[in-house]
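Structural features, examined
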Amino acid sequence: MNIVKKNPLNKLLMKNMELSLLASGDGTEVILHKLYAGARWAMAPADDWTALEHLTVMSGRLLMTSSAGEVVLGRGDSVNACPVKEHMIFTAETEVEFLYVTSQPQFHFYSNSVKDMMDLAIRVEEKDGYTSNHCDRIKELSMKLGKVMGMDSDELYIMNLAGFLHDVGKVKVPDEILKKPGKLTNEEYDIIKMHTVWGREILTETNNPDLIKAGEIVEQHHERFDGKGYPHQLNGGGIRTEAAIITVVDAFDAMTTDRVYRKGMTHDEAFEELARNKGTMFHPDVIDAFFSILKES
Ligand SMILES: [Fe+2]
């Protein structure tokens, strides 16, 4: 018998959640999750994955999004899946605690690829001169656009990862180029452009199926609707919608954020810039969706 008194077997502190492994044995794990308000978590299907997955909410309000729509879970509500057949996305509307039980161990999975990649993305964000939470903002806004554009929960989940990790390839760009205050030479700009391809490579190397899929989107986040982007000069329908969304959101955030070396534009100035580049740099449907969200808020 093993009594756990506030001392879990293993504890993982992530940016917006805490995971405590309370019990593990014979392939089963019991993990206490504490999500801070606004944090997202997901159950995802996987090939050869036949596990039972169960969660029970202990406190707070947890919004569940699946193909069946949205439902708010409260204390005592539970979800079972055996196996998980689609992505289910959970968003903490308040601080939430829930117990998660799975018959196939995956605590190590959290501590490896996804968390490592997220930590790497945050380091890149800082190195690139963003002052705060660029990756989080990209993720938030791209999720809203994805919902308006009718993506299902599986697509939203992968885009969520890609949105957070879009610039992870910049970890391979030398500091003296990334942080160069003056104009870049053509050769230096060519190296910066490689962050799209490097991002995909880094995510592919994790061997995590979701990160591999996200990598395909990451590679395309600087393509342009008119085919003048990089790295592959794809155009229009050749560009994944998820990537087209991240392009718009990334551009908007880059324009409106104060960087270490310059002040950001006002929102109105950035809106004009987005409208001006609709159909050339940006996918027109994504720009329309972007402005429809603004009208609602
Ligand atoms: Fe980028």
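To keep things clear, this report deals only with the structure shown in the data block. (Residues numbered from 1 in each chain as written. Predicted model: local features only at pLDDT ≥ 70, side-chain atom pairs only at ≥ 80, totals over all residues. Heavy atoms only, no water.)

**What about the sheet that holds strand β6 (residues 62–66)?**
The following threshold applies: Any two strands with at least two DSSP-identified bridges between them are counted as paired. Secondary structure counts use DSSP, requiring at least four H or I residues in a row for a helix and at least two E residues in a row for a strand, with both numbered from the N terminus. Helix axes are fitted only over the stretch in contact, all axes being lines through C-alpha atoms; the angle between N-to-C directions runs from 0 to 180 degrees. Residue contacts follow a heavy-atom distance rule, with two residues in contact if any of their heavy atoms lie within 4.5 Å.
Strand order in the open sheet formed by four strands is β4-β9-β6-β7, with antiparallel pairing between adjacent strands. Among the strands making up the open sheet, the edge pair consists of β4 (40–43) and β7 (69–73). Neighbour to neighbour, the strand axes of the sheet diverge by 25 degrees on average, direction disregarded. As paired strands, β4 and strand β9 (residues 88–92) are joined by four bridges and run antiparallel to one another. Residue pairing for β9: Met43 is matched across the bridge by Met88. Its contacts with the sheet place helix α2 (residues 134–148) against β4, β6, β7 and β9, and it is angled at close to 55 degrees to β4. Lying over the sheet, helix α3 (residues 153–165) contacts β4, β6 and β9, oriented at roughly 60 degrees with respect to β9.

**Section: the coordination of the iron ion**
For clarity, the cut-off: Note: metal donors comprise N, O and S atoms at 2.8 Å or less from the metal (3.2 Å for Na, K and Ca); water molecules are not included, so apparent gaps in a site are possible. In these descriptions, tetrahedral denotes four donors with every angle between 85 and 135 degrees, square planar four donors and octahedral six donors with opposite donors over 155 degrees apart and the rest between 65 and 115, and irregular any other case.
Here the iron ion is held by the protein donor atoms Asp167 (OD), His195 (NE2), His221 (NE2) and His222 (NE2), which lie 2.1 to 2.3 Å from it. One can describe the donor arrangement at the iron ion as irregular, given that its four donor atoms subtend angles of 84 to 174 degrees at the metal. Counting the intervening residues between successive donors of the iron ion yields the motif D-x27-H-x25-H-H. Of this pair, Asp167 sits in the loop between α3 and α4 (175–178) while His222 sits in the loop between α7 (209–219) and α8 (241–256); the two residues are 55 residues apart in sequence, bridging distant segments of the chain.

**Describing helix α9 (residues 267–276)**
Stated precisely, the cut-off is as follows: Burial here depends on accessible area, computed with a 1.4 Å probe over protein chains only, as a share of the maximum for the residue type. Under 20% is buried, over 50% is exposed, and the range in between is partly exposed. Here the arc refers to the directions that run from the helix axis out to each C-beta atom.
Restricting attention to buried positions, one finds in α9 the residues Ala270, Phe271 and Leu274. Here the buried residues of α9 occupy an arc of 105 degrees about the axis, which is enough to place them on one side. Opposite its buried face, α9 presents the exposed residues Asp268, Glu272 and Arg276, each directed more than 90 degrees away.

**Regarding the environment of Arg123**
Inspection of the secondary structure puts Arg123 in helix α1 (residues 107–127). Between the alpha carbons of Arg123 and Lys170 there is a distance of 9.9 Å; along the sequence they are 47 residues apart.

**Focus: the nonpolar core**
To be explicit about the condition: To form a nonpolar core, buried Ala, Val, Leu, Ile, Met, Phe, Trp, Tyr and Cys residues must be joined to one another through side-chain atoms within 4.5 Å.
One finds Leu145, Leu274 and Phe290 to be the most contacted residues of the largest nonpolar core, which totals 46 residues. Put simply, the parts of the chain that give this core at least two residues each are α1, α2, α3, α6 (195–205), α7, α8, α9 and α10 (284–296). Looking at this core, the element that brings in the most residues is α8, giving nine residues. Residue contacts for Leu145: discarding those within four places in its chain leaves Ile245, Val249, Val286, Ala289, Phe290 and Ile293. Counting residues in hydrophobic clusters, the runner-up holds 22 residues, among them Ala39, Leu62, Met64 and Ala81.

**Observations concerning the side chain of Glu53**
Which entries qualify depends on this criterion: Polar contact criterion, stated in full: a pair of N or O atoms within 3.5 Å, where within protein one must be able to donate a hydrogen and the other to accept it, and residues adjacent in sequence count only if both atoms are side-chain atoms.
Structurally, Glu53 is set in strand β5 (residues 53–59). At 2.4 Å, the side chain of Glu53 and the side chain of Tyr100 are in polar contact. Sequence-distant contacts of Glu53, defined by excluding residues within four places in its chain, comprise Met43, Ala44, Val79, Asn80, Ala81, Val84, Tyr100, Val101, Thr102 and Gln106.

**Overview of the packing of helix α5 (residues 186–193) against α6**
Condition: An angle below 35 degrees is treated as roughly parallel, one above 145 as roughly antiparallel, one from 65 to 115 as roughly perpendicular, and anything else as oblique. Residues are grouped as follows: Ala, Val, Leu, Ile, Met, Phe, Trp, Tyr, Cys and Pro are nonpolar; Asp, Glu, Lys and Arg are charged; all remaining types, including Gly, are polar.
α6 packs onto α5 with a crossing angle of 30 degrees between their chain directions and a minimal axis gap of 5 Å. As summarised for this structure, α5 and α6 are arranged roughly parallel, according to the angle between their axes. Contacts from Ile191, Ile192 and Lys193 of α5 reach α6 at His195, Thr196 and Trp198. Residues belonging to the contact of α5 with α6 are distributed by class as follows: three nonpolar, two polar and one charged.

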